[in-house]
Amino acid sequence: MTPDAHVSSQPPAQDLHRLVACEYCDALYERTPLAPGERATCLRCGGVLYRESSRAYQRLLPLVVTALILFLVSNTYPIVEMDLKGVRTETTLWGAVQALHSDHMTLVAMLVFGTTILFPLAEMLMMCYLLVPMARHRMPPGFDRIVRGIRQTRPWGMIEVFMIGVLVTVVKLSTMAQVIPGVALWSFGALVVVLAAMLSFDPRDLWHYLEPAGADEAPPREDTA
Ligand SMILES: [Zn+2]
């Protein structure tokens, strides 16, 4: 494709902002405003194009901050009591990961670390990185790359994977450890609920909130793009 052909076939930025492509069959539609709770579906294949997400967006930053606090609490307080060479010690999730590793279960330790610590934390930090400047109507640098990063880490940050990670820890450690029904466990329970609410938001919708005035104004990033 020559550069000229590319430029001439590109519609104005305002039009691009209104367009939405079906994720499943690539059909192209023009975005129309939806009422709360409504969703737009593809006429050709019936796939969901987008949802009305303004209320979910307003709740997103408080949700992410809550999740981060719960995450810190969950990982600060001891979650299991272990019997190591006759000495009973209480340890955090991170301590449990280290115990799994030293007990020659390195693969399990890596799985637990990734699903319960690394990926949820990465997702929360990326969301914070985007949402804090956006709340002040500023564009965070590298916005497109971070949104793509969230989309890519999401299969690993899914709630089911997180639950499996916690479950594997409990089962694998059951011979040498007991779960403490304390602060960390309740905090983990709450974290699962908050993460589920947070993950129900499609990060691609963030594009729509980047321009506070909505689709009628030209996006301010055009000059730098
Ligand atoms: Zn479709």
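Thresholds applied
Residues numbered from 1 in each chain as written. Predicted model: local features only at pLDDT ≥ 70, side-chain atom pairs only at ≥ 80, totals over all residues. Helix = DSSP H or I, 4+ residues; strand = E, 2+ residues; numbered from the N terminus. Contact = placed C-beta atoms within 7 Å. Pairing = 2+ DSSP bridges. Axes fitted to C-alpha atoms, helices over the stretch in contact; angles between N-to-C directions. Buried ≥ 20, exposed ≤ 12 C-beta atoms within 10 Å, placed from the backbone. Left-handed = near helix turned anticlockwise from the far one by under 90°. Nonpolar A, V, L, I, M, F, W, Y, C, P; charged D, E, K, R; others polar. pLDDT = per-residue confidence, 0-100. Expected span 1.5 Å × (residues − 1). Arc of directions from axis to C-beta.

Undergrad: Would you mind going over the overall build of the chain with me for this structure?
TA: Along the backbone of the chain there are nine helices and seven strands. Taking the contacts inside the chain whose residues are at least 6 apart along the sequence as the reference set, 61% of them involve residues at least 24 apart.

Undergrad: How should I be thinking about the sheet that holds strand β5 (residues 80–84) in this particular structure?
TA: Working definition: the strands of a sheet are paired by backbone hydrogen bonds and lie parallel or antiparallel to each other. Strand order in the open sheet formed by three strands is β6-β5-β7, and the pairing between neighbours is antiparallel. Each edge of the open sheet carries a strand with a single partner, namely β6 (87–91) and β7 (177–179). Adjacent strand axes in the sheet meet at a mean angle of 20 degrees, parallel and antiparallel pairs treated alike. Relative to β6, β5 is paired through five bridges, and the arrangement is antiparallel. Residue pairing for β6: Asp-83 is matched across the bridge by Arg-88.

Undergrad: What exactly am I supposed to notice about unusual backbone geometry here?
TA: Notably, His-104 is not glycine yet its phi reads approximately 60 degrees, a positive angle. Topologically, His-104 is positioned in the loop between α4 (93–102) and α5 (106–135). The class for His-104 is exposed, based on 9 C-beta atoms found within 10 Å. Despite not being glycine, His-137 has its phi angle at roughly 60 degrees, a positive value. The topology assignment puts His-137 in the loop between α5 and α6 (143–157).

Undergrad: How should the packing of helix α3 (residues 54–76) against α5 be read in this particular structure?
TA: Two measures define how a pair of helices packs: the angle their axes make with one another and the distance between the axes. Two numbers describe how α3 lies on α5: the axes approach to 9 Å, and their chain directions differ by 140 degrees. Regarding α3 and α5, the two cross each other, and that crossing is left-handed. Facing Leu-60, Leu-61, Val-64, Ala-67, Leu-68 and Phe-71 of α3, the residues of α5 in contact are Pro-120, Leu-121, Met-124, Met-127, Cys-128, Leu-131 and Ala-135. Taken together, the residues that form the contact of α3 with α5 break down as 13 nonpolar, no polar and no charged.

Undergrad: Looking at this model, I keep getting lost on the pairing of strand β4 (residues 48–51). Mind explaining?
TA: Here is the key point about a regular strand: its side chains alternate between the two faces of the sheet. Alignment of strand β3 (residues 39–41) against β4, held across three bridges, turns out to be antiparallel. When the bridges of β4 are listed, Ala-40 appears paired with Tyr-50. Counting the residues that bridge the hairpin from β3 to β4 gives six residues, and of these Gly-46 lies at a positive phi of roughly 80 degrees.

Undergrad: Sorry if this is basic, but what is going on with the confidence of the model for the chain here?
TA: When pLDDT drops low, the exact placement of atoms in the prediction is not to be read closely. Across the chain, pLDDT averages 81, with 86% of residues at or above 70. Every residue in residues 1–7 is under pLDDT 50, and counting partners more than four places away or in other chains gives one contact. With pLDDT under 50 throughout, residues 213–225 is counted as low confidence; its partners more than four residues away or in other chains account for 12 contacts.

Undergrad: Could you clarify how one ought to interpret the pairing of β5 in this entry?
TA: Hairpin remark: β5 followed by β6, antiparallel, with two residues in the connecting loop; positive phi at Lys-85, about 50 degrees. Across three bridges, β5 lies against β7 in antiparallel orientation. In the sheet register, Glu-81 faces β7, and the bridge partner there is Gln-178.

Undergrad: Before we go on, may I ask you to explain helix α8 (residues 183–199) in this structure?
TA: Note: α-helices contain 3.6 residues per turn, so residues at a spacing of three or four share the same orientation. Helix length check: α8 (17 residues) gives 24 Å between terminal C-alpha atoms against 24 Å at 1.5 Å per residue, within 8%. Along α8, the positions that sit buried rather than exposed are Ala-184, Ser-187, Phe-188, Leu-191, Val-194, Leu-195 and Met-198. Considered in projection along α8, the buried side chains sweep an arc of 130 degrees and stay on one side of the axis. Considering only its buried residues, α8 is in contact with α3, α5 and α7 (159–173).

Undergrad: Quick question: what am I supposed to make of α4 here?
TA: Considered for burial, the residues of α4 that qualify are Leu-93, Ala-96, Val-97, Ala-99 and Leu-100. Down the axis of α4, the buried side of the element spans an arc of 160 degrees, and every buried residue falls inside it. For α4, the secondary structure elements touched by its buried residues are α3, β5, β6, α5, α7 and β7. Phi turns positive one or two residues past the end of α4, at His-104, with a value near 60 degrees.

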